[in-house]
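Residues per chain, in single letters:
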Amino acid sequence: MNKPMANEPTFRESVDLMYNRAVALMDLPPGLEQKIRVCNATYTVRFGVRLRGQIQTFTGYRAVHSEHMEPVKGGIRFAMAVDQDEVEALAALMTYKCALVETPFGGSKGGLCVDPRLYDEQEMEMITRRFAYELIKRDLINPSQNVPAPDMGTGEREMAWIADQYARMNTTDINAKACVTGKPLNAGGISGRVEATGRGVQYALREFFRHPEDKAAAGLDGSLEGKRVIVQGLGNVGYHAAKFLHDEDGAIITGIIERDGALFNEAGLDVDAVRDWIVKHGGVSGYPDANHSAEGGKVLEEACDILIPAALEGVINLSNADNIKAKLIIEAANGPVTAGADEILRTKGTVIIPDMYANAGGVTVSYFEWVKNLSHIRFGRMQRRQEEARHQLVVNELERLDEAMGDAWNLSPSFKQRYLRGADELELVRSGLDDTMRIAYQSMREVWHGRTDVTDLRTAAYIVAIDRVAKSYRAKGL
Ligand code: NAD
(Lines give C-alpha, C1' and ligand atoms only; values in the text may rest on other atoms or scores of the structure.)
Protein backbone atom coordinates (compact mmCIF):
# COMPACT_ATOMS: atom_id res chain seq x y z
CA MET A 1 0.00 0.00 0.00
CA ASN A 2 1.27 3.43 -0.91
CA LYS A 3 1.27 5.37 2.35
CA PRO A 4 1.92 9.13 2.26
CA MET A 5 5.61 9.88 2.86
CA ALA A 6 6.68 10.89 6.37
CA ASN A 7 7.40 14.43 5.16
CA GLU A 8 3.86 14.86 3.84
CA PRO A 9 1.16 16.80 5.68
CA THR A 10 -1.56 14.84 7.44
CA PHE A 11 -4.93 14.39 5.69
CA ARG A 12 -6.42 17.33 7.58
CA GLU A 13 -3.40 19.52 6.85
CA SER A 14 -3.69 18.48 3.20
CA VAL A 15 -7.32 19.64 3.11
CA ASP A 16 -6.27 22.92 4.79
CA LEU A 17 -3.51 23.44 2.22
CA MET A 18 -5.98 22.98 -0.63
CA TYR A 19 -8.38 25.35 1.13
CA ASN A 20 -5.58 27.92 1.56
CA ARG A 21 -4.71 27.71 -2.12
CA ALA A 22 -8.27 28.64 -3.00
CA VAL A 23 -8.83 31.40 -0.41
CA ALA A 24 -5.59 33.07 -1.56
CA LEU A 25 -7.48 33.75 -4.80
CA MET A 26 -10.58 35.04 -3.00
CA ASP A 27 -11.42 38.25 -1.30
CA LEU A 28 -12.61 37.02 2.10
CA PRO A 29 -12.17 39.04 5.27
CA PRO A 30 -9.27 37.35 7.15
CA GLY A 31 -11.43 36.48 10.19
CA LEU A 32 -14.04 34.73 8.09
CA GLU A 33 -11.37 32.80 6.22
CA GLN A 34 -10.18 31.34 9.53
CA LYS A 35 -13.74 30.76 10.81
CA ILE A 36 -14.65 28.65 7.79
CA ARG A 37 -11.38 26.68 7.90
CA VAL A 38 -11.52 25.48 11.51
CA CYS A 39 -13.47 22.47 12.73
CA ASN A 40 -16.06 23.70 15.26
CA ALA A 41 -15.97 20.71 17.59
CA THR A 42 -14.91 17.08 17.78
CA TYR A 43 -16.39 14.77 20.34
CA THR A 44 -14.35 11.73 21.34
CA VAL A 45 -16.05 8.85 23.09
CA ARG A 46 -14.61 5.72 24.66
CA PHE A 47 -17.08 3.05 25.63
CA GLY A 48 -17.05 -0.57 26.64
CA VAL A 49 -19.03 -3.46 25.20
CA ARG A 50 -19.10 -6.92 26.78
CA LEU A 51 -18.10 -9.32 24.01
CA ARG A 52 -17.01 -12.95 24.24
CA GLY A 53 -16.99 -12.78 28.04
CA GLN A 54 -14.91 -9.66 28.46
CA ILE A 55 -15.29 -5.90 28.16
CA GLN A 56 -13.73 -4.43 25.05
CA THR A 57 -13.18 -0.68 24.85
CA PHE A 58 -13.77 1.20 21.61
CA THR A 59 -12.91 4.77 20.61
CA GLY A 60 -15.19 6.79 18.35
CA TYR A 61 -15.46 10.35 17.08
CA ARG A 62 -18.01 12.75 15.69
CA ALA A 63 -16.58 15.98 14.27
CA VAL A 64 -18.74 18.97 13.41
CA HIS A 65 -16.85 21.18 11.02
CA SER A 66 -19.37 23.88 10.17
CA GLU A 67 -22.90 24.63 11.37
CA HIS A 68 -23.59 27.46 8.96
CA MET A 69 -26.54 25.25 7.98
CA GLU A 70 -28.21 22.60 10.10
CA PRO A 71 -28.49 19.72 10.30
CA VAL A 72 -24.86 18.93 9.69
CA LYS A 73 -24.26 15.88 7.56
CA GLY A 74 -21.56 13.28 7.10
CA GLY A 75 -20.94 9.56 7.12
CA ILE A 76 -19.82 7.23 9.87
CA ARG A 77 -16.74 5.17 9.09
CA PHE A 78 -15.76 1.89 10.73
CA ALA A 79 -12.03 1.28 10.26
CA MET A 80 -8.92 0.78 12.37
CA ALA A 81 -7.23 3.87 10.92
CA VAL A 82 -9.96 6.24 12.16
CA ASP A 83 -8.59 9.08 14.28
CA GLN A 84 -9.41 12.69 15.10
CA ASP A 85 -7.31 14.09 12.26
CA GLU A 86 -9.12 11.89 9.73
CA VAL A 87 -12.68 12.66 10.88
CA GLU A 88 -11.90 16.38 10.99
CA ALA A 89 -10.53 16.31 7.44
CA LEU A 90 -13.57 14.36 6.26
CA ALA A 91 -15.94 16.73 8.11
CA ALA A 92 -14.32 19.74 6.41
CA LEU A 93 -14.74 18.05 3.02
CA MET A 94 -18.43 17.51 3.86
CA THR A 95 -18.92 21.23 4.47
CA TYR A 96 -17.47 22.09 1.06
CA LYS A 97 -19.20 19.18 -0.67
CA CYS A 98 -22.65 20.11 0.63
CA ALA A 99 -22.12 23.72 -0.43
CA LEU A 100 -20.90 22.70 -3.90
CA VAL A 101 -23.88 20.46 -4.67
CA GLU A 102 -26.33 22.74 -2.85
CA THR A 103 -27.60 20.35 -0.22
CA PRO A 104 -28.76 22.43 2.76
CA PHE A 105 -26.37 20.98 5.31
CA GLY A 106 -23.29 21.85 7.30
CA GLY A 107 -20.38 19.41 7.44
CA SER A 108 -19.78 16.59 9.89
CA LYS A 109 -18.18 13.14 10.01
CA GLY A 110 -17.91 10.27 12.42
CA GLY A 111 -15.75 7.26 12.86
CA LEU A 112 -15.22 4.28 15.08
CA CYS A 113 -11.90 2.44 15.48
CA VAL A 114 -13.05 -1.07 14.73
CA ASP A 115 -12.34 -3.72 12.13
CA PRO A 116 -15.85 -4.96 11.26
CA ARG A 117 -14.41 -8.14 9.75
CA LEU A 118 -13.39 -9.33 13.23
CA TYR A 119 -16.94 -9.43 14.66
CA ASP A 120 -20.10 -11.31 13.82
CA GLU A 121 -23.38 -9.58 13.05
CA GLN A 122 -24.73 -9.69 16.59
CA GLU A 123 -21.50 -8.27 17.99
CA MET A 124 -21.44 -5.50 15.39
CA GLU A 125 -25.01 -4.62 16.30
CA MET A 126 -24.07 -4.28 19.97
CA ILE A 127 -21.05 -2.11 19.13
CA THR A 128 -22.99 0.08 16.66
CA ARG A 129 -25.95 0.60 18.98
CA ARG A 130 -23.68 1.54 21.87
CA PHE A 131 -21.77 4.05 19.72
CA ALA A 132 -25.08 5.45 18.42
CA TYR A 133 -26.40 5.74 22.00
CA GLU A 134 -23.39 7.85 22.99
CA LEU A 135 -23.89 10.18 20.00
CA ILE A 136 -27.71 10.35 20.26
CA LYS A 137 -27.72 11.41 23.89
CA ARG A 138 -25.51 14.38 22.96
CA ASP A 139 -27.63 15.32 19.90
CA LEU A 140 -24.78 14.28 17.64
CA ILE A 141 -27.37 12.15 15.88
CA ASN A 142 -30.62 14.06 15.47
CA PRO A 143 -32.93 14.76 12.48
CA SER A 144 -32.62 18.51 12.85
CA GLN A 145 -29.04 18.76 14.08
CA ASN A 146 -26.78 15.99 12.88
CA VAL A 147 -27.61 13.30 10.33
CA PRO A 148 -25.04 10.55 9.64
CA ALA A 149 -24.87 8.24 6.61
CA PRO A 150 -22.79 5.23 5.53
CA ASP A 151 -19.10 5.45 4.76
CA MET A 152 -16.24 2.98 4.62
CA GLY A 153 -17.05 -0.14 6.62
CA THR A 154 -20.71 0.77 7.17
CA GLY A 155 -23.83 0.37 5.05
CA GLU A 156 -27.60 -0.08 5.20
CA ARG A 157 -27.40 -2.57 8.07
CA GLU A 158 -25.59 -0.19 10.43
CA MET A 159 -27.86 2.73 9.44
CA ALA A 160 -30.96 0.64 10.29
CA TRP A 161 -29.53 -0.12 13.76
CA ILE A 162 -28.74 3.56 14.32
CA ALA A 163 -32.25 4.64 13.21
CA ASP A 164 -33.81 2.07 15.50
CA GLN A 165 -31.61 3.12 18.42
CA TYR A 166 -32.66 6.74 17.90
CA ALA A 167 -36.35 5.76 17.73
CA ARG A 168 -36.03 3.79 21.00
CA MET A 169 -34.53 6.83 22.73
CA ASN A 170 -36.95 9.36 21.18
CA THR A 171 -40.27 7.57 21.17
CA THR A 172 -42.38 10.66 20.40
CA ASP A 173 -40.23 12.15 17.63
CA ILE A 174 -42.40 11.86 14.52
CA ASN A 175 -39.36 12.62 12.35
CA ALA A 176 -37.18 9.98 13.98
CA LYS A 177 -36.43 8.21 10.67
CA ALA A 178 -34.72 11.36 9.36
CA CYS A 179 -31.97 10.99 12.02
CA VAL A 180 -29.79 9.00 9.63
CA THR A 181 -29.72 8.31 5.88
CA GLY A 182 -28.63 5.31 3.86
CA LYS A 183 -31.21 3.09 5.58
CA PRO A 184 -32.67 0.03 3.87
CA LEU A 185 -35.88 0.71 1.94
CA ASN A 186 -38.03 -1.12 4.49
CA ALA A 187 -36.62 1.00 7.31
CA GLY A 188 -37.32 4.38 5.72
CA GLY A 189 -34.61 4.43 3.06
CA ILE A 190 -34.90 5.62 -0.51
CA SER A 191 -34.49 3.76 -3.81
CA GLY A 192 -31.10 4.41 -5.34
CA ARG A 193 -29.17 5.34 -2.17
CA VAL A 194 -26.91 2.28 -2.20
CA GLU A 195 -25.77 2.95 -5.76
CA ALA A 196 -25.81 6.75 -5.36
CA THR A 197 -22.13 7.56 -4.88
CA GLY A 198 -20.99 5.27 -7.70
CA ARG A 199 -23.85 6.53 -9.88
CA GLY A 200 -22.72 10.08 -9.12
CA VAL A 201 -19.19 9.20 -10.30
CA GLN A 202 -20.71 7.99 -13.58
CA TYR A 203 -22.81 11.15 -13.99
CA ALA A 204 -19.76 13.30 -13.19
CA LEU A 205 -17.74 11.57 -15.90
CA ARG A 206 -20.59 11.84 -18.40
CA GLU A 207 -20.77 15.58 -17.73
CA PHE A 208 -16.99 15.93 -18.06
CA PHE A 209 -17.15 14.16 -21.44
CA ARG A 210 -19.85 16.59 -22.64
CA HIS A 211 -17.26 19.40 -22.72
CA PRO A 212 -14.66 19.14 -25.53
CA GLU A 213 -12.48 21.81 -23.90
CA ASP A 214 -12.29 19.80 -20.67
CA LYS A 215 -11.52 16.53 -22.44
CA ALA A 216 -8.79 18.31 -24.39
CA ALA A 217 -7.26 19.55 -21.12
CA ALA A 218 -6.84 15.89 -20.12
CA GLY A 219 -5.67 14.82 -23.57
CA LEU A 220 -8.83 12.77 -24.09
CA ASP A 221 -11.44 12.78 -26.81
CA GLY A 222 -14.60 10.96 -27.87
CA SER A 223 -16.94 9.39 -25.34
CA LEU A 224 -16.55 7.05 -22.39
CA GLU A 225 -16.90 4.11 -24.77
CA GLY A 226 -13.67 2.14 -24.91
CA LYS A 227 -11.88 4.24 -22.30
CA ARG A 228 -9.52 2.19 -20.10
CA VAL A 229 -10.35 2.52 -16.44
CA ILE A 230 -8.51 1.40 -13.28
CA VAL A 231 -10.46 1.29 -10.01
CA GLN A 232 -9.04 1.05 -6.51
CA GLY A 233 -11.48 -0.45 -3.98
CA LEU A 234 -14.37 -2.55 -5.21
CA GLY A 235 -16.61 -1.63 -2.27
CA ASN A 236 -19.87 0.26 -2.43
CA VAL A 237 -18.56 3.24 -4.39
CA GLY A 238 -15.96 1.54 -6.58
CA TYR A 239 -18.18 -1.38 -7.52
CA HIS A 240 -21.13 0.72 -8.62
CA ALA A 241 -18.97 3.23 -10.49
CA ALA A 242 -17.09 0.47 -12.35
CA LYS A 243 -20.24 -1.51 -13.10
CA PHE A 244 -22.22 1.43 -14.49
CA LEU A 245 -19.30 2.75 -16.53
CA HIS A 246 -18.80 -0.68 -18.06
CA ASP A 247 -22.41 -1.79 -18.50
CA GLU A 248 -23.94 1.51 -19.59
CA ASP A 249 -21.12 3.58 -21.09
CA GLY A 250 -18.91 0.90 -22.63
CA ALA A 251 -15.78 1.72 -20.63
CA ILE A 252 -13.23 -1.10 -20.18
CA ILE A 253 -12.24 -1.85 -16.61
CA THR A 254 -8.61 -2.89 -17.06
CA GLY A 255 -7.53 -2.87 -13.42
CA ILE A 256 -9.09 -3.51 -10.00
CA ILE A 257 -7.00 -2.88 -6.89
CA GLU A 258 -8.05 -4.35 -3.55
CA ARG A 259 -6.51 -4.84 -0.09
CA ASP A 260 -4.74 -8.07 -1.05
CA GLY A 261 -3.40 -7.03 -4.45
CA ALA A 262 -4.63 -6.09 -7.88
CA LEU A 263 -6.08 -7.66 -11.00
CA PHE A 264 -5.10 -6.45 -14.42
CA ASN A 265 -6.38 -7.37 -17.85
CA GLU A 266 -5.98 -5.07 -20.88
CA ALA A 267 -8.97 -6.77 -22.51
CA GLY A 268 -11.21 -5.85 -19.58
CA LEU A 269 -12.36 -7.39 -16.31
CA ASP A 270 -15.83 -8.69 -15.50
CA VAL A 271 -16.76 -6.40 -12.59
CA ASP A 272 -19.58 -8.59 -11.25
CA ALA A 273 -17.48 -11.74 -11.43
CA VAL A 274 -14.66 -10.02 -9.51
CA ARG A 275 -17.10 -8.69 -6.93
CA ASP A 276 -18.59 -12.18 -6.45
CA TRP A 277 -15.08 -13.57 -6.07
CA ILE A 278 -14.23 -11.00 -3.39
CA VAL A 279 -17.45 -11.73 -1.47
CA LYS A 280 -16.69 -15.46 -1.57
CA HIS A 281 -12.92 -15.44 -1.00
CA GLY A 282 -12.35 -12.22 0.93
CA GLY A 283 -10.08 -10.70 -1.71
CA VAL A 284 -8.99 -10.75 -5.35
CA SER A 285 -6.24 -13.37 -4.89
CA GLY A 286 -6.81 -16.46 -6.98
CA TYR A 287 -9.26 -14.82 -9.39
CA PRO A 288 -8.71 -16.77 -12.61
CA ASP A 289 -9.25 -14.43 -15.57
CA ALA A 290 -6.59 -11.77 -14.97
CA ASN A 291 -2.98 -11.11 -14.06
CA HIS A 292 -2.58 -10.80 -10.33
CA SER A 293 -0.15 -8.41 -8.72
CA ALA A 294 0.49 -8.82 -5.00
CA GLU A 295 1.64 -5.21 -4.81
CA GLY A 296 -1.72 -3.62 -5.58
CA GLY A 297 -0.57 -0.02 -5.23
CA LYS A 298 1.75 -0.44 -8.24
CA VAL A 299 -1.28 -0.86 -10.51
CA LEU A 300 -2.23 2.76 -9.76
CA GLU A 301 0.77 3.56 -11.96
CA GLU A 302 -0.38 1.51 -14.97
CA ALA A 303 -1.30 3.40 -18.14
CA CYS A 304 -5.03 4.10 -18.42
CA ASP A 305 -7.40 6.86 -19.43
CA ILE A 306 -9.28 7.19 -16.16
CA LEU A 307 -8.10 6.30 -12.67
CA ILE A 308 -10.76 5.94 -9.98
CA PRO A 309 -9.35 5.74 -6.46
CA ALA A 310 -12.41 4.56 -4.49
CA ALA A 311 -10.91 3.13 -1.30
CA LEU A 312 -9.12 5.43 1.10
CA GLU A 313 -7.15 8.64 1.45
CA GLY A 314 -3.54 9.45 0.68
CA VAL A 315 -2.94 6.65 -1.84
CA ILE A 316 -1.56 9.00 -4.49
CA ASN A 317 1.23 10.83 -2.72
CA LEU A 318 4.80 12.02 -3.10
CA SER A 319 6.02 8.42 -3.44
CA ASN A 320 4.10 7.64 -6.62
CA ALA A 321 2.62 10.85 -8.10
CA ASP A 322 5.46 11.14 -10.64
CA ASN A 323 4.67 7.66 -11.96
CA ILE A 324 0.91 8.07 -12.40
CA LYS A 325 0.08 7.75 -16.09
CA ALA A 326 -3.70 8.23 -16.02
CA LYS A 327 -4.88 11.26 -17.97
CA LEU A 328 -7.87 11.83 -15.77
CA ILE A 329 -8.28 11.01 -12.08
CA ILE A 330 -11.73 11.07 -10.56
CA GLU A 331 -11.56 11.03 -6.77
CA ALA A 332 -14.37 8.69 -5.78
CA ALA A 333 -12.77 8.27 -2.35
CA ASN A 334 -12.27 11.21 -0.04
CA GLY A 335 -8.77 12.65 -0.11
CA PRO A 336 -7.01 10.00 -2.23
CA VAL A 337 -4.51 12.55 -3.58
CA THR A 338 -2.30 14.37 -1.06
CA ALA A 339 -1.60 18.10 -1.42
CA GLY A 340 1.97 17.35 -2.57
CA ALA A 341 0.83 14.83 -5.17
CA ASP A 342 -1.84 17.24 -6.35
CA GLU A 343 0.84 19.77 -7.19
CA ILE A 344 2.97 17.23 -9.08
CA LEU A 345 -0.04 16.01 -11.07
CA ARG A 346 -1.23 19.54 -11.86
CA THR A 347 2.23 20.39 -13.19
CA LYS A 348 2.17 17.23 -15.33
CA GLY A 349 -1.20 18.23 -16.78
CA THR A 350 -3.23 15.40 -15.24
CA VAL A 351 -6.81 16.53 -14.78
CA ILE A 352 -8.32 15.70 -11.37
CA ILE A 353 -12.06 15.73 -10.75
CA PRO A 354 -11.98 16.48 -7.03
CA ASP A 355 -13.53 14.38 -4.26
CA MET A 356 -15.84 17.09 -2.95
CA TYR A 357 -17.63 16.95 -6.29
CA ALA A 358 -16.90 13.43 -7.55
CA ASN A 359 -18.37 11.52 -4.61
CA ALA A 360 -21.18 13.95 -3.80
CA GLY A 361 -23.78 11.54 -5.20
CA GLY A 362 -24.06 9.94 -1.77
CA VAL A 363 -24.92 13.09 0.12
CA THR A 364 -27.22 14.24 -2.69
CA VAL A 365 -29.38 11.14 -2.47
CA SER A 366 -29.11 11.25 1.32
CA TYR A 367 -30.66 14.69 1.06
CA PHE A 368 -33.54 13.22 -0.95
CA GLU A 369 -33.94 10.49 1.67
CA TRP A 370 -34.00 13.03 4.51
CA VAL A 371 -36.66 15.07 2.66
CA LYS A 372 -38.66 11.88 2.06
CA ASN A 373 -38.50 11.01 5.76
CA LEU A 374 -39.60 14.50 6.80
CA SER A 375 -42.45 14.55 4.29
CA HIS A 376 -43.48 10.97 5.22
CA ILE A 377 -44.28 10.06 1.62
CA ARG A 378 -42.45 8.29 -1.16
CA PHE A 379 -41.42 10.41 -4.14
CA GLY A 380 -43.80 10.07 -7.08
CA ARG A 381 -46.69 8.64 -5.06
CA MET A 382 -49.02 11.59 -5.69
CA GLN A 383 -48.21 12.36 -9.33
CA ARG A 384 -47.16 9.14 -11.02
CA ARG A 385 -50.59 7.90 -12.17
CA GLN A 386 -51.79 11.40 -12.94
CA GLU A 387 -48.75 11.84 -15.17
CA GLU A 388 -49.60 8.55 -16.88
CA ALA A 389 -53.23 9.65 -17.41
CA ARG A 390 -52.10 12.89 -19.08
CA HIS A 391 -49.68 10.97 -21.28
CA GLN A 392 -52.55 8.65 -22.20
CA LEU A 393 -54.40 11.65 -23.67
CA VAL A 394 -51.46 12.41 -25.96
CA VAL A 395 -51.11 8.77 -26.93
CA ASN A 396 -54.84 8.58 -27.79
CA GLU A 397 -54.48 11.55 -30.13
CA LEU A 398 -51.34 10.12 -31.73
CA GLU A 399 -53.07 6.78 -32.26
CA ARG A 400 -55.93 8.59 -34.01
CA LEU A 401 -53.39 10.26 -36.26
CA ASP A 402 -51.64 6.93 -36.84
CA GLU A 403 -54.91 5.41 -38.04
CA ALA A 404 -55.80 8.36 -40.24
CA MET A 405 -52.38 8.46 -41.93
CA GLY A 406 -52.32 4.77 -42.83
CA ASP A 407 -48.81 3.66 -43.85
CA ALA A 408 -47.61 7.22 -44.36
CA TRP A 409 -46.89 7.60 -40.66
CA ASN A 410 -46.74 5.12 -37.77
CA LEU A 411 -46.01 5.34 -34.08
CA SER A 412 -42.59 3.81 -33.33
CA PRO A 413 -43.07 0.36 -31.78
CA SER A 414 -42.06 0.96 -28.16
CA PHE A 415 -43.15 4.62 -27.99
CA LYS A 416 -46.48 4.02 -26.28
CA GLN A 417 -45.08 1.79 -23.58
CA ARG A 418 -42.11 4.07 -22.86
CA TYR A 419 -44.10 7.32 -22.95
CA LEU A 420 -47.00 6.09 -20.85
CA ARG A 421 -44.96 5.06 -17.84
CA GLY A 422 -44.86 7.65 -15.04
CA ALA A 423 -41.58 7.96 -13.17
CA ASP A 424 -41.13 5.85 -10.04
CA GLU A 425 -38.98 6.82 -7.08
CA LEU A 426 -35.78 5.37 -8.51
CA GLU A 427 -36.13 7.30 -11.75
CA LEU A 428 -36.86 10.51 -9.86
CA VAL A 429 -33.86 9.99 -7.61
CA ARG A 430 -31.57 9.36 -10.57
CA SER A 431 -32.96 12.39 -12.35
CA GLY A 432 -32.39 14.60 -9.30
CA LEU A 433 -28.87 13.22 -8.92
CA ASP A 434 -28.03 13.74 -12.59
CA ASP A 435 -29.29 17.31 -12.45
CA THR A 436 -27.27 18.00 -9.30
CA MET A 437 -24.06 16.57 -10.76
CA ARG A 438 -24.44 18.51 -14.01
CA ILE A 439 -25.16 21.84 -12.35
CA ALA A 440 -22.37 21.49 -9.79
CA TYR A 441 -19.90 20.59 -12.54
CA GLN A 442 -20.92 23.62 -14.55
CA SER A 443 -20.44 25.90 -11.54
CA MET A 444 -16.88 24.53 -11.13
CA ARG A 445 -15.96 24.77 -14.80
CA GLU A 446 -17.18 28.35 -15.02
CA VAL A 447 -14.52 29.26 -12.47
CA TRP A 448 -11.94 26.90 -14.00
CA HIS A 449 -12.24 28.39 -17.47
CA GLY A 450 -13.48 31.83 -16.51
CA ARG A 451 -10.53 32.91 -14.38
CA THR A 452 -6.95 33.02 -15.57
CA ASP A 453 -5.62 32.49 -12.03
CA VAL A 454 -7.53 29.20 -11.58
CA THR A 455 -5.90 26.31 -13.41
CA ASP A 456 -7.58 23.26 -11.92
CA LEU A 457 -10.98 21.89 -10.99
CA ARG A 458 -10.15 21.39 -7.33
CA THR A 459 -9.33 25.04 -6.72
CA ALA A 460 -12.45 25.97 -8.69
CA ALA A 461 -14.57 23.65 -6.53
CA TYR A 462 -13.15 25.14 -3.34
CA ILE A 463 -13.81 28.67 -4.57
CA VAL A 464 -17.45 27.91 -5.42
CA ALA A 465 -18.01 26.12 -2.11
CA ILE A 466 -16.21 28.59 0.15
CA ASP A 467 -18.00 31.49 -1.49
CA ARG A 468 -21.36 29.88 -0.70
CA VAL A 469 -20.41 29.10 2.90
CA ALA A 470 -19.11 32.67 3.32
CA LYS A 471 -22.37 34.10 1.96
CA SER A 472 -24.32 32.00 4.40
CA TYR A 473 -22.17 33.21 7.35
CA ARG A 474 -22.52 36.82 6.16
CA ALA A 475 -26.30 36.43 5.96
CA LYS A 476 -26.22 35.36 9.61
CA GLY A 477 -24.38 38.57 10.46
CA LEU A 478 -20.92 37.06 10.93
P1 NAD B 1 -16.53 0.27 1.38
O2 NAD B 1 -16.09 -0.16 2.72
O3 NAD B 1 -17.82 -0.20 0.83
O4 NAD B 1 -15.43 -0.12 0.29
C5 NAD B 1 -14.08 0.15 0.42
C6 NAD B 1 -13.34 -0.85 -0.46
O7 NAD B 1 -11.96 -0.49 -0.49
C8 NAD B 1 -13.45 -2.28 0.05
O9 NAD B 1 -13.72 -3.15 -1.03
C10 NAD B 1 -12.08 -2.54 0.65
O11 NAD B 1 -11.71 -3.90 0.62
C12 NAD B 1 -11.21 -1.68 -0.25
N13 NAD B 1 -9.95 -1.32 0.40
C14 NAD B 1 -9.72 -1.04 1.70
N15 NAD B 1 -8.43 -0.78 1.91
C16 NAD B 1 -7.83 -0.91 0.71
C17 NAD B 1 -6.51 -0.77 0.28
N18 NAD B 1 -5.54 -0.49 1.14
N19 NAD B 1 -6.24 -0.95 -1.04
C20 NAD B 1 -7.22 -1.25 -1.91
N21 NAD B 1 -8.51 -1.40 -1.54
C22 NAD B 1 -8.80 -1.23 -0.26
O23 NAD B 1 -16.43 1.87 1.39
P24 NAD B 1 -17.16 2.90 0.44
O25 NAD B 1 -18.39 3.32 1.10
O26 NAD B 1 -17.16 2.37 -0.96
O27 NAD B 1 -16.15 4.15 0.56
C28 NAD B 1 -14.98 4.25 -0.22
C29 NAD B 1 -14.53 5.69 -0.26
O30 NAD B 1 -15.59 6.50 -0.79
C31 NAD B 1 -14.18 6.31 1.08
O32 NAD B 1 -13.14 7.25 0.90
C33 NAD B 1 -15.44 7.05 1.46
O34 NAD B 1 -15.19 8.12 2.35
C35 NAD B 1 -15.88 7.54 0.12
N36 NAD B 1 -17.31 7.88 0.06
C37 NAD B 1 -18.28 6.95 0.29
C38 NAD B 1 -19.61 7.30 0.19
C39 NAD B 1 -20.73 6.30 0.36
O40 NAD B 1 -21.88 6.67 0.07
N41 NAD B 1 -20.49 5.09 0.76
C42 NAD B 1 -19.96 8.62 -0.11
C43 NAD B 1 -18.96 9.55 -0.35
C44 NAD B 1 -17.64 9.15 -0.27
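Definitions and limits used
Residues numbered from 1 in each chain as written. Predicted model: local features only at pLDDT ≥ 70, side-chain atom pairs only at ≥ 80, totals over all residues. Heavy atoms only, no water. Core = buried A, V, L, I, M, F, W, Y, C linked by side-chain atoms within 4.5 Å. Buried < 20%, exposed > 50% of the residue type's maximum accessible area, 1.4 Å probe, protein only. Helix = DSSP H or I, 4+ residues; strand = E, 2+ residues; numbered from the N terminus. Domains from an automatic or database assignment. Contact = heavy atoms within 4.5 Å. Near = heavy atom within 4 Å. Polar contact = N/O pair within 3.5 Å; in protein donor to acceptor, adjacent residues only side chain to side chain. Areas by Shrake-Rupley, 256 points an atom, 1.4 Å probe, with all protein chains shown as cover. Buried area = accessible area lost by both parts, 1.4 Å probe. Salt bridge = Lys/Arg side-chain N within 4 Å of Asp/Glu carboxyl O. Axes fitted to C-alpha atoms, helices over the stretch in contact; angles between N-to-C directions. Parallel < 35°, antiparallel > 145°, perpendicular 65-115°, else oblique. Left-handed = near helix turned anticlockwise from the far one by under 90°. Nonpolar A, V, L, I, M, F, W, Y, C, P; charged D, E, K, R; others polar. Phe/Tyr/Trp six-rings, centres within 6.5 Å; stacked < 30°, edge-to-face > 60°. Lys NZ or Arg CZ within 6 Å of the ring centre and 35° of its normal. Pairing = 2+ DSSP bridges. Expected span 1.5 Å × (residues − 1).

1. Digging into the nonpolar core
Tyr96, Tyr462 and Ile466 are the most contacted members of the largest nonpolar core, which has 90 residues in total. Looking at this core element by element, the count peaks at 11 residues for helix H16 (residues 457-475). Viewed by domain, this core spans two of them, domain 1 (1-38 + 192-380 + 423-444 + 456-478) and domain 2 (41-187), each represented by three or more residues. With sequence-adjacent residues up to four places away left out, Tyr462 is seen in contact with Val15, Met18, Tyr19, Ala22, Leu93, Tyr96, Met356 and Asp467. Counting residues in each nonpolar core, the second largest holds 28 residues, with Val49, Met124, Ile136 and Ile162 among its members.

2. Description of the site of the ligand
By nearness alone, 23 residues border the ligand, and Arg77, Asp151, Thr197, Glu258 and Asn334 come closest of all. A distance of 3.4 Å is found between an oxygen atom of the ligand and a side-chain nitrogen or oxygen belonging to Arg193. At 2.5 Å, a side-chain N or O of Glu258 approaches an oxygen atom of the ligand. Starting from 830 Å² of accessible surface for the ligand in isolation, the protein chains cover 89%. Those elements giving two or more residues to the shell around the ligand turn out to be helix H8 (236-249) and strand S7 (252-258).

3. What about the domain arrangement of the chain?
Domain annotation of the chain identifies domain 1 (1-38 + 192-380 + 423-444 + 456-478) and domain 2 (41-187). Its C-alpha centre places domain 1 at a distance of 22 Å from the equivalent point of domain 2. At the interface, 47 residues of domain 1 touch 45 residues of domain 2. Taken over both partners, the interface formed by domain 1 and domain 2 buries close to 3,600 Å², and the fraction arising from carbon and sulfur atoms is 63%. For the domain 1 face of the interface with domain 2, the top three residues by lost area are Arg12, Val363 and Trp370, together amounting to 16%. Taken together, domain 1 and domain 2 are joined by four salt bridges. Note that Arg12 and Glu88 form a salt bridge whose closest N and O atoms lie 3.8 Å from each other. At the boundary of domain 1 with domain 2, the tally comes to 19 residue pairs in polar contact (both at pLDDT 80 or more).

4. Notes on the packing of helix H6 (residues 196-209) against H8
In contact at an axis separation of 7 Å, H6 and H8 are set at 45° when each is read in the N-to-C sense. By the angle class used here, H6 and H8 are oblique. For the element pair H6 and H8, the recorded crossing hand is right-handed. Within the contact between the two elements, H6 uses Thr197, Gly198, Arg199, Val201, Gln202, Leu205 and Arg206 and H8 uses Val237, His240, Ala241, Phe244, Leu245, Glu248 and Asp249. Taken together, the residues that form the contact of H6 with H8 break down as six nonpolar, four polar and four charged.

5. Some points on the packing of aromatic side chains
Applying the stated criterion across every chain yields a total of 13 aromatic pairs. On the basis of an interplanar angle of 75° and a centroid distance of 5.2 Å, the ring pair of Phe105 and Trp370 is categorised as edge-to-face. Pair noted here: Phe105 is in the loop between helix H3 (84-100) and strand S4 (106-112) and Trp370 is in helix H12 (residues 361-375), with a separation of 265 residues, a long-range link. Geometrically, the ring pair formed by Tyr357 and Tyr441 is tilted, given 5.8 Å between the ring centres and 50° between the ring planes. Of the two residues, Tyr357 sits in helix H11 (residues 355-358) while Tyr441 sits in helix H15 (residues 425-450), which places them 84 residues apart along the sequence. Comparing Tyr357 with Tyr441 shows no difference in burial state: the two are buried. Three or more aromatic residues joined by ring pairs make a cluster, and in this case those are Phe47, Phe58, Tyr119 and Phe131. Seen from the ring of Phe244, Arg199 lies directly overhead, with NZ or CZ sitting 3.6 Å from the centre. Directly above the aromatic system of Tyr239 lies the positively charged group of Arg275, at a separation of 4.4 Å from the ring centroid.

6. Some remarks on the sheet that holds S7
Read across the sheet, seven strands follow the order S9-S8-S7-S6-S10-S11-S12 without closing on themselves; strand pairing throughout is mixed. Sheet topology places strand S9 (291-293) and strand S12 (351-353) at the edges, where each strand pairs with a single neighbour. Geometrically, the sheet is characterised by an average inter-axis angle of 20° between neighbouring strands, direction not taken into account. Sheet strands in contact with H6 are strand S10 (306-309), strand S11 (328-330) and S12, and its direction is about 145° off that of S11.

7. Side note on H3
If you check H3, its first and last C-alpha atoms are 24 Å apart, about what 17 residues at 1.5 Å a residue would give, namely 24 Å. For H3, a buried count of 15 out of 17 residues is recorded, marking the element as mostly surrounded by other parts of the structure. The N-capping residue of H3, defined by a side-chain oxygen 3.3 Å from the backbone nitrogen of Asp85, is Asp83. Where H3 terminates, the next one or two residues include Glu102, which has phi positive at roughly 55°.

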